[in-house]
Amino acid sequence: MRQTIHTTLRSVGVFRHYCGYPHFILSVTIAAKDPERLQNIRKEIYLPVAKSCHTDLTNVEKNIRTIRDVMMRNGGASLLEEMTGNTCWKSRTPYPKEIIGVFAEYFSDELKKQESSCSP
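Below, the structure is looked at part by part. (Residues numbered from 1 in each chain as written. Predicted model: local features only at pLDDT ≥ 70, side-chain atom pairs only at ≥ 80, totals over all residues. Heavy atoms only, no water.)

### Regarding the overall build of the protein
So, point 1. Scanning the protein from N- to C-terminus turns up 6 helices and 0 strands.
So, point 2. Going from N to C terminus, the protein has its helices and strands arranged as α-α-α-α-α-α.
So, point 3. What you see for the protein is a C-alpha radius of gyration of 14 Å, in line with the 14 Å of a compact globule of 120 residues.
So, point 4. Principal-axis analysis of the C-alpha atoms gives the protein an extent of 45 × 30 × 30 Å.
So, point 5. A total of 120 residues make up the protein; the buried ones form 43% of that total.
So, point 6. Pairs at least 24 residues apart make up 59% of the contacts formed inside the protein by residues separated by at least 6 positions.
So, point 7. When the accessible surface of the protein is split by element, carbon and sulfur atoms take 49% of a total near 6,800 Å².
So, point 8. Taken as two groups, the 17 positive and 13 negative side-chain charges of the protein have centres that lie 5 Å from each other. (Helix = DSSP H or I, 4+ residues; strand = E, 2+ residues; numbered from the N terminus. Rg over C-alpha atoms; globule rule 2.2 N^0.38 Å. Buried < 20%, exposed > 50% of the residue type's maximum accessible area, 1.4 Å probe, protein only. Contact = heavy atoms within 4.5 Å. Areas by Shrake-Rupley, 256 points an atom, 1.4 Å probe, with all protein chains shown as cover. Lys, Arg positive; Asp, Glu negative; His and termini not counted. Charge placed at Lys NZ, Arg CZ, Asp CG, Glu CD.)

Take a look at the structure:
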């Protein structure tokens, strides 16, 4: 799943040199495994990401907003429209939580396939 997310992010100008890159990938992975965690994103996603990446919650939030901004400047609205089938993305800037949720839902089937192939 991670490689597919990397490829998708590159298609909208988001590269590994952004501080928020690993934060976004890990956030999507967590949300894909348990979408209900998006309901309390700061505690259930951003805090574990901050601990895992040895930073604080504020940096995770800020860095994911940067990923969102870069993505939206480089065709992210079209990508989100393709992923969701919804055209609302061109008229407003999505919240980071929404983008994480879209990516998590879009790639969750791939994650489930990977996990089932690794099961004994």
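Moving on, there is more to tell.
### Considerations on the state of the cysteines
So, point 1. Throughout the structure, instances matching the rule amount to 0 disulfides.
So, point 2. Free of any disulfide, Cys 19 has its nearest neighbouring cysteine sulfur in Cys 53, separated by 11 Å. (Disulfide = S-S within 2.5 Å.)

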